[in-house]
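What follows is the residue order along each chain.
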Amino acid sequence: MVKPVESQDYFTTIYKIIKEQVTMSKFNGVKIVSRYFSPSGEKNLIFRQFFDHISSTYTYLLGCAKTRECILIDPVLEQVKRDFQVTQDLGLKLKYAVNTHMHADHVTGTGYLRALSGCKTIISKTSRAQADIHVEENDSICFGDHELKVLSTPGHTNGCVTYYFPSQGVAFTGDALLIRGCGRTDFQEGDPKILYKSVHSKIFTLPESTLLFPAHDYKGMMCTSVEEEKKFNPRLTKSEQEFVEIMNNLNLAYPQQIDRALPANRVCGIYDIPNEEKKN
Ligand SMILES: N[C@@H](CCC(=O)N[C@@H](CSS)C(=O)NCC(=O)O)C(=O)O
């Protein structure tokens, strides 16, 4: 086992190096948040951001460096072995495999992770998908010394949630808020008015320095902040009426894997395991 570089130590060092620039740094009226997690915050967090290039999905590993408990947020089926191996390399025990919502563009890896590790799967109650644990607004997800808060952020789907990590000033927004964008609202109970309300009342009311990590990015961006999105999001800075007009005219192609993904994700804890694995 390799002793991992704890995120906090790594970013604290980076922060020290660029501190002078950061404190002076203001552009377009935005204070540039150059840290991942609060440099004055807890030191016992392990953080990794993984990418699936087929669906452009981000998966997040959050681990407690002290107790070694960890969770994976939005794992993708085809990347499960890669992501699980990292938990093993870092000496972590997977407690929960967590979904932000019932995805339409890829098959969740949560069921497969459950089979591999004995972890519990999590999705929102409103999603009506199967899982071991169903969460709703204000619930907590605890791993080791850490706690995520569940914020209900429907609109892309009814069951979309954002996982807010108050002690670190970070939130995982799923498809509710993407970097300079947002989740589409043209299928799966999508509703632009509901999404507009979710983002404005739940995400944009978090502290402006909160760093936001989405479930996807299609342009290579990895992270943003509440302050940035409040200033520069081309859709969500508009009035509700203009937003609805934009969302109703996106004319996006349906996700390529939708016919495979939706039935599999409705039972995310049950059968989404590769056939070759079932034979073993
Ligand atoms: N081309 C991709 C699907 C792209 C897409 O529709 N993304 C969704 C999130 S996954 S359901 C979305 O909400 N996009 C918003 C946007 O503005 O792009 C594929 O075939 O998988």
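Everything numeric here is computed off the predicted structure, so don't read it as measured data.

Caption draft 1: Up close: the overall build of the chain. Check the secondary structure of the chain and you find eight helices and 16 strands. Residue burial in the chain is summarised as follows: out of 280 residues, 47% are buried. Pairs at least 24 apart in sequence give 63% of the contacts found in the chain among residues at least 6 apart.

Caption draft 2: Main features of the site of the ligand. Contacts to the ligand come from 13 residues, most closely from Asp105, Gly183, Arg184, Pro255 and Gln256. Within the shell around the ligand, the residues separate by chemical class into four nonpolar, six polar and three charged.

Caption draft 3: Quick peek at the packing of helix H4 (residues 192-203) against helix H6 (residues 240-247). Put simply, H4 and H6 touch, their axes get as near as 9 Å, and they point 125° apart. Between H4 and H6, the crossing angle belongs to the class labelled oblique. The element H4 and its partner H6 pack so that their crossing is right-handed. Along its contact with H4, which presents Pro192, Lys193 and Tyr196, the element H6 presents Glu240, Phe243, Val244 and Met247. Among the residues making up the contact of H4 with H6, the classes are represented as five nonpolar, no polar and two charged.

Caption draft 4: Spatial organisation of the nonpolar core. Core analysis: the largest hydrophobic core is formed by 65 residues, its most contacted members being Cys70, Ile71 and Tyr163. Looking at this core, the element that brings in the most residues is strand E4 (residues 57-64), giving five residues. Aside from chain neighbours lying at most four places away, what touches Ile71 is Leu62, Lys95, Tyr96, Val98, Ile141 and Phe143.

Caption draft 5: Looking closely at the pairing of E4. Burial runs high along E4: eight of the eight residues are buried. Side chains of E4 alternate between two faces, with Thr57, Thr59, Leu61 and Gly63 and Tyr58, Tyr60, Leu62 and Cys64 buried alike. By the bridge criterion, eight bridges tie strand E3 (residues 45-52) to E4 in an arrangement that is antiparallel. Residue pairing across strands places Phe47 opposite Leu62, the latter belonging to E4. From the end of E3 to the start of E4, which pair antiparallel, there are four residues, and Ser56 there has a positive phi angle of about 55°. Taken together, the four bridges between E4 and strand E5 (residues 69-73) define a ladder with antiparallel strand orientation. Within the sheet, the bridge partner assigned to Leu62 lies in E5 and is Ile71. A loop of four residues connects E4 with E5, the two strands running antiparallel in sequence, and Arg68 in this loop sits at a positive phi of about 75°.

Caption draft 6: Examining the sheet that holds E4 more closely. The strand order E3-E4-E5-E6-E7-E8 describes an open sheet built from six strands, whose pairing is mixed. The open sheet has two free edges, formed respectively by E3 and strand E8 (133-135), since each of these has just one partner strand. Recorded for the sheet is a direction-independent mean angle of 20° between the axes of neighbouring strands. Pairing geometry for strand E7 (residues 120-124) and E8, over three bridges, is parallel. The residue of E8 that forms the bridge with Ile122 is Ile133. Packed onto the sheet, helix H2 (residues 80-89) meets E3, E4, E5 and strand E6 (93-98) and runs at close to 20° relative to E4. Packing of helix H3 (residues 110-117) onto the sheet brings it into contact with E5, E6 and E7, and relative to E6 it is tilted by some 160°.

The rules behind each value
Residues numbered from 1 in each chain as written. Predicted model: local features only at pLDDT ≥ 70, side-chain atom pairs only at ≥ 80, totals over all residues. Helix = DSSP H or I, 4+ residues; strand = E, 2+ residues; numbered from the N terminus. Buried ≥ 20, exposed ≤ 12 C-beta atoms within 10 Å, placed from the backbone. Contact = placed C-beta atoms within 7 Å. Near = placed C-beta within 6 Å. Nonpolar A, V, L, I, M, F, W, Y, C, P; charged D, E, K, R; others polar. Axes fitted to C-alpha atoms, helices over the stretch in contact; angles between N-to-C directions. Parallel < 35°, antiparallel > 145°, perpendicular 65-115°, else oblique. Left-handed = near helix turned anticlockwise from the far one by under 90°. Core = buried A, V, L, I, M, F, W, Y, C linked by C-beta atoms within 7 Å. Pairing = 2+ DSSP bridges.

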